[in-house]
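Structural description and commentary
Here's the letter readout for the chains.
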Amino acid sequence: MRATSLFFLYLFVCLALAALLTGPLMQTGWIDYETQRVMGRLAQVFILLGLWPLLIALRLNTRAALGLDHPAARLHRTVWQGWVLGVAILLALALALLGLGIRIPDPTPPGWAALASRALQALIGGLLIGLLEEAFFRGALYAAIRRDSGVRSAVLWSAGLYAVLHFMKPGELPPGMALDAAGLWYMFSHVFIDLFQWHHLDSMVALFMVGVFLALVRERSGHIGWCIGLHAGWVLVIQVTRQLTDGDPGASLAFLAGDYDGTIGWLAAAWIGLLAALYWWWTGRAVRRR
């Protein structure tokens, strides 16, 4: 719990610094983006800049703590194996959503060149996101909690923080509200207020199960290679699915797909949760046979 609190405090400080600097930065007129996006990007910059000093302070600046303490060739191989597996897992979910009528084919899909370009961006972006997020959540955060509180706490708390952070975004400034101290406070406070919106619950539970699954993979494998690959494969399928299909809000089973990205909802939670349980049971048998 102490490690989780420290990481959450770090993220809170980064968000607070972003809120303080958003106003002066927007008043320069140099940036032509929505204010909440600027605040969110500033927070991400502060998180990245301060992360390594934080890891040094917590004695987590080692390859072992980050889940990278394995030969490079083995890590590379497991990343790509995990990517293939991640694509297969999310492709099964996407096909199920199509089969149930929750998502329908886009009547005007992009051309092959545009689709290939988007898929390549999703591949590269997914690998970068996978590396950064897995090194943080299933690497440093997982190692810190496991060191203090054991495996169960590490799995649950790292998964919980992972799910929650996906919804910690600055609120949009209401029409007519000035970008002053009150406006910035409104945006900053909605980072936390919006966490308690019921329409986020299905996607949050699904992301929690994703975090549990990846944490179990980290525990059993001893590194984050598989986690990076799985994460990147999931990103690719979600992005391509959004290009080729649309959600059907009128479908009788539409509630099974969350509104976070139109894919991650109750059905995804059940599917990933089942895979996590099967994975832990199957690898546990292998461990007991040793």
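Above this text sits the structure in question.
A few points on the structure.

**Side note on the overall build of the chain**
Looking only at helices and strands, the chain features nine helices and two strands. Its helices and strands taken in sequence order, the chain reads α-α-α-β-α-α-α-α-α-β-α from the N to the C terminus. For the chain, the C-alpha radius of gyration of 20 Å lies close to 19 Å, the compact-globule estimate for 290 residues. Long-range contacts, defined here as pairs at least 24 residues apart, represent 79% of the contacts in the chain between residues at least 6 apart. As displayed, the chain has an accessible area near 15000 Å², and 69% of this comes from carbon and sulfur atoms. Distance between charge centroids for the chain: 18 Å, based on 21 positive and 16 negative side chains.

**A few points about a nonpolar patch on the surface**
On the surface, Phe8, Leu9, Phe12, Val13, Leu17, Leu20 and Leu21 cluster together into a nonpolar patch covering about 610 Å² of accessible area. Take Leu17: it is sitting in helix 1 (residues 2–27).

**Quick look at the side chain of His231**
Here His231 is to be found in helix 8 (residues 225–244). When sequence neighbours within four positions are dropped, the list of residues in contact with His231 reads Ile129, Gly130, Glu133, Glu134, Arg138, Tyr162 and Leu214.

**Looking at the packing of helix 4 (residues 112–149) against helix 8**
Geometrically, a packed helix pair is captured by the angle between its two axes and the distance between the axes. Viewed as axis vectors pointing N to C, helix 4 and helix 8 meet at an angle of 145 degrees, and their least axial separation amounts to 7 Å. The chirality of how helix 4 crosses helix 8 is right-handed. For the contact of helix 4 with helix 8, the per-class residue count stands at 14 nonpolar, five polar and four charged.

**Thoughts on the pattern of salt bridges**
Per the counting criterion, the structure on display carries four salt bridges. A salt bridge links Glu134 to Arg138; the shortest N-O distance between them is 2.7 Å. Separated by four residues within a single helix, Glu134 and Arg138 lie in helix 4, roughly one turn from each other.

**Observations concerning the packing of aromatic side chains**
Enumeration according to the criterion identifies twelve aromatic pairs in this entry. With a centroid separation of 5.6 Å and an interplanar angle of 75 degrees, the aromatic rings of Phe188 and Phe192 are classed as edge-to-face. Remark: Phe192 and Phe188 occur in helix 6 (residues 181–193); sequence separation between them is four residues, near one turn of the helix. Across this residue pair, the class does not change: Phe188 and Phe192 are buried. Among the aromatic side chains, those forming a connected cluster through ring pairs are Phe7, Phe136, Phe137 and Tyr162. For Arg138, the ring lying beneath its charged end belongs to Tyr162, and the centroid distance is 4.4 Å. Over the ring of Trp280 we find Arg220; its NZ or CZ atom is 3.5 Å from the centre of that ring.

**Describing helix 6**
Here helix 6 contains 13 residues, and its C-alpha end-to-end distance of 18 Å stays within 8% of the 18 Å for a straight helix at 1.5 Å per residue. The complete set of buried residues in helix 6 reads Gly183, Leu184, Met187, Phe188, Ser189, His190, Val191 and Phe192. Where the residues of helix 6 are buried, they touch helix 1 and helix 2 (35–57). Between the side-chain oxygen of the N-cap and the backbone nitrogen of Ala182 there are 3.2 Å, and the N-cap of helix 6 in question is Asp180.

**Concerning the packing of helix 3 (residues 72–99) against helix 8**
The interhelical angle for the contact between helix 3 and helix 8, taken along N-to-C directions, is 35 degrees, at an axis separation of 6 Å. The chirality of how helix 3 crosses helix 8 is right-handed. Taken together, the residues that form the contact of helix 3 with helix 8 break down as 17 nonpolar, eight polar and no charged.

**Observations concerning the nonpolar core**
Within the largest apolar cluster, 82 residues are counted, with the highest numbers of intra-cluster contacts made by Phe7, Leu60, Ile89, Phe213, Trp234 and Ile272. Excluding residues within four positions of it along the chain, Phe213 makes contact with Ile89, Trp234, Ile272, Leu275, Ala276 and Tyr279.

**Regarding unusual backbone geometry**
Trans is the prevailing form of peptide bonds, just as negative phi is the prevailing case for residues other than glycine. The backbone phi angle of Arg59 is positive, close to 60 degrees, even though this residue is not glycine. The topology assignment puts Arg59 in the loop between helix 2 and helix 3. According to the relative accessible area criterion, Arg59 is exposed, its value standing at 61%.

**Looking at the side chain of His190**
Summarising the element assignment, His190 is placed in helix 6. Here His190 falls in the buried class, since its relative accessible area comes to 16%. The contact partners of His190, leaving out residues within four places of it in the chain, are Lys169 and Gly171.

What counts as what
Residues numbered from 1 in each chain as written. Predicted model: local features only at pLDDT ≥ 70, side-chain atom pairs only at ≥ 80, totals over all residues. Heavy atoms only, no water. Helix = DSSP H or I, 4+ residues; strand = E, 2+ residues; numbered from the N terminus. Rg over C-alpha atoms; globule rule 2.2 N^0.38 Å. Contact = heavy atoms within 4.5 Å. Areas by Shrake-Rupley, 256 points an atom, 1.4 Å probe, with all protein chains shown as cover. Lys, Arg positive; Asp, Glu negative; His and termini not counted. Charge placed at Lys NZ, Arg CZ, Asp CG, Glu CD. Patch = residues over 30% accessible without salt bridge, like charges linked within 9 Å, V, L, I, M, F, W, Y side chains within 5 Å. Salt bridge = Lys/Arg side-chain N within 4 Å of Asp/Glu carboxyl O. Axes fitted to C-alpha atoms, helices over the stretch in contact; angles between N-to-C directions. Left-handed = near helix turned anticlockwise from the far one by under 90°. Nonpolar A, V, L, I, M, F, W, Y, C, P; charged D, E, K, R; others polar. Phe/Tyr/Trp six-rings, centres within 6.5 Å; stacked < 30°, edge-to-face > 60°. Buried < 20%, exposed > 50% of the residue type's maximum accessible area, 1.4 Å probe, protein only. Lys NZ or Arg CZ within 6 Å of the ring centre and 35° of its normal. Expected span 1.5 Å × (residues − 1). Polar contact = N/O pair within 3.5 Å; in protein donor to acceptor, adjacent residues only side chain to side chain. Core = buried A, V, L, I, M, F, W, Y, C linked by side-chain atoms within 4.5 Å.

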